[in-house]
Structure formats: structure tokens, C-alpha cells
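# A look at the structure
Read off the chains here:
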Amino acid sequence: MTRIDKNSSDAVAVTVRGLVKHYGETKALDGVDLEVREGTVMGVLGPNGAGKTTLVRILSSLIQPDAGQATVAGYDVVRQPRQLRRVIGLTGQYASVDEKLPGWENLYMIGRLLDLPRKTARARADELLERFSLTDAAKRPASTYSGGMRRRLDLAASMIGRPAVLFLDEPTTGLDPRTRNEVWTEVKRMVGDGVTVLLTTQYMEEAEQLASELTVVDRGKVIAGGAIEELKAKVGGRSLRVRPADPLLLRPLAVALDELGITGLAATTIDTERGSVLVPILSDEQLTAVVGAVTARGITLSSITTELPSLDEVFLSLTGHRASAPQDTTPDETATDRQEVAV
Ligand SMILES: Nc1ncnc2c1ncn2[C@@H]1O[C@H](COP(=O)(O)OP(=O)(O)OP(=O)(O)O)[C@@H](O)[C@H]1O
Ligand SMILES: [Mg+2]
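So, here's what we can say about the structure.

About the thresholds
Residues numbered from 1 in each chain as written. Chains lettered and ligands numbered in written order. Predicted model: local features only at pLDDT ≥ 70, side-chain atom pairs only at ≥ 80, totals over all residues. Heavy atoms only, no water. Near = heavy atom within 4 Å. Polar contact = N/O pair within 3.5 Å; in protein donor to acceptor, adjacent residues only side chain to side chain. Areas by Shrake-Rupley, 256 points an atom, 1.4 Å probe, with all protein chains shown as cover. Helix = DSSP H or I, 4+ residues; strand = E, 2+ residues; numbered from the N terminus. Pairing = 2+ DSSP bridges. Axes fitted to C-alpha atoms, helices over the stretch in contact; angles between N-to-C directions. Contact = heavy atoms within 4.5 Å.

## Overview of the site of ligand 1
Around ligand 1 sit 15 residues in total, of which Gly49, Lys52, Thr53, Thr54 and Glu170 are the nearest. Contact between ligand 1 and Thr53: an oxygen atom at 2.8 Å from a side-chain N or O atom of the residue. Within the side chain of Gln202, an N or O atom sits 3.0 Å from an oxygen atom of ligand 1. The protein chains hide 67% of the 630 Å² of surface that ligand 1 would expose on its own. Only β2 (26-37) and α1 (52-59) provide two or more residues apiece to the shell around ligand 1. The element contributing the most residues to the shell around ligand 1 is α1, with 3 residues.

Right, here's the structure in full:
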């Protein structure tokens, strides 16, 4: 797993205090506090309607809060929007490129809007297209791009002004796994360059991949926050992932572990996709007993690892409900989510 905080310092790039935003009866943000240290990635995790986009829009000065304060790179989001916009980049939840224009034109135009001289804007467009592997598609209208190419163009666009702080609102929602990986790689490279990132997501895996710290939001409120590993450790015990060298031994291995009678050992689950058996363990003694028992039965293992609980499980235990992306839920559950949002 990649942790990207090599640039981290004690300096704070984003400070949010008591942020409130209401839409009629809806409390989109209901007193949010958070801090993002310079050079780190803060993940803001929450289900549909949690208030993530509202937060990003306030932090990028697109809308104003009803109460509370926020500063980004030292600028107050309400009182210093002009200075603020010069030091931030924003990739919205919905693609913001001009469909009719070719990729290169999109980037050049944004460069010019940011007051870059023509020559600089040209060079920057070339450089960013190269970097985001879009050079071959530079002259084609963005409407002909795939979803992943568009998202990469979006990311490139947000980098034109060399932002110190980058806001990414659900950068990979709706992308296939391969394209998602491409976007993650680019985000990691940006962070490698020293950019501070606040990223909203509904994907546990995304937060684990990119963020070192996490703020969990639900219905406009922060329900948990801290280092990802700490949050996970707080919520539950470890699991042992045991993979037999011979996949045919998966079931016999699970049965054997269940029948071992190791004191307090919870039931195993079989993960056929990854060819392994998961055993929740509470102590190092149990871990040793499992290894000993497997060896005694003569089962050859190809790997054995310990895992902390997934962020999905963390969310469930913090909120009492699952944080599922719409495409991961049944239509009924999605409908329930929407109703909750509307209340
Ligand atoms: N312009 C608006 N007018 C009225 N209600 C709004 C507006 N913008 C947001 N809301 C409401 O505020 C709440 C938070 O919305 P927000 O878009 O910030 O959530 P989100 O976490 O970004 O959700 P998603 O994951 O679906 O993008 C929701 O209940 C939403 O319906
Ligand atoms: Mg949103």
C-alpha cells in the first residue's frame, strides 16, 4: 500500500472550523471541522448526500458558508477568494472540460484564463498532455475521449496553474478499475510534486490508496477522523489471510481451521477470488496456533498476511449503515439512500 506523506510537515494547508451550510431544511454541512497538513492527502469519505461536494465548493470559494470559517493556503475562503483561486486547483465531480474543443485547446484556454502568456500557456498544455498520456489525442475533440481520458484531461486542467492545494471531488467515481488505477497514479505523482490534496470519495479502497488521513462525514457532520491505520485499528481486530499453494485445498483448509478448536477463534470465510481463507484473530497466540495447525496438517501455503479491517467495516461500525456507492447497492437500497438525503 502506498502512503504519500513524504512531503508532510507540521504546517497546515487547509483549516476548517465550524462550517455550516443549509439548503432550506437540509443541513448539507452541520458544523464541520478539519485540518489538512501541507504535502499530505486528506480523504473525505462519506455516502451520497453527506456534504462532500458542498465542502469542496466552499473551500474553492464557489459558494459561501452560512457560518464558520475556512482558510486554504492561508487565504480566507470568504474574504480572499481572488487570492485563493490563484493557489488552488479543482476537479469537480462532473467533468468540466469543453466537449467541443480538442484536449490541447482546453488546456491552452484555461492557461490563458489564468493570465499565462501565450507561449507559457502553449508549453504548459504540451507538457501536461504528455504527462497525462494524452499527446496522441491532443487534437481530437474531448467529446471523442473515453471516460478515463476525460478524467485525466480534467486533472491536467486543474494542474495548469501549478496549484499548492488541489481539491478532487470523487475523482474516480464511475471509472472502471484500470482507469481508476491510472488516475490514482497521476494523483500520487502530483502529491510527489508537493501538492496538498483534499479528496472526496465513496470508495474505501481509494482512501486507503491515496490518503494518509481520513475524515468520515455523514449527513453534514464529521463522525470520525484521524490517521487511516489508527481509525481502522480503533474499530476492530485483525484478520489473518491464509493462501494455500494449491487452490483445491481452499475448502479443506477452511474446514480444518474451523475444526481446530483454537480458543476463541472466530469462523473463517473463504475468499475464492483471491484464493485465500480469512480468519479473524484476537491475539498473537491465535496467529501462532493457526500457523502451527496448518503446518501440522501438511498444507503448503503460498502466503500468509495479517489485515486490518476494511474501511467499509469501519464505516458500518461508526454509522450503523454501510457506505455503499450507488452502483454497489440494489435499486431498493439506493432509493432508501435518496429518501434519507431528501429528509
Ligand atoms: N444547491 C443545492 N440546493 C439544495 N440542496 C442542495 C444543494 N446542494 C446540495 N444540496 C443538498 O445538500 C446535501 C449534501 O449534498 P452534497 O452534494 O454536498 O453531498 P455529496 O456528499 O457530495 O453527495 P454525492 O456523493 O452524491 O456527490 C444533500 O442533501 C443535497 O441534496
Ligand atoms: Mg458530491
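## Points about the sheet that holds strand β11 (residues 238-244)
The 4 strands lie next to each other as β12-β13-β11-β14, forming an open sheet whose pairing is antiparallel. Looking at the sheet topology across the chains shown, the edges are occupied by β12 (269-271) and β14 (301-307). For this sheet, the mean inter-axis angle between neighbouring strands, taken without regard to orientation, is 25°. Docked against the sheet, helix α9 (residues 250-259) engages β11, β12, β13 (276-281) and β14, running at close to 20° with respect to β13.

Function cannot be read off these values alone, since they describe shape.
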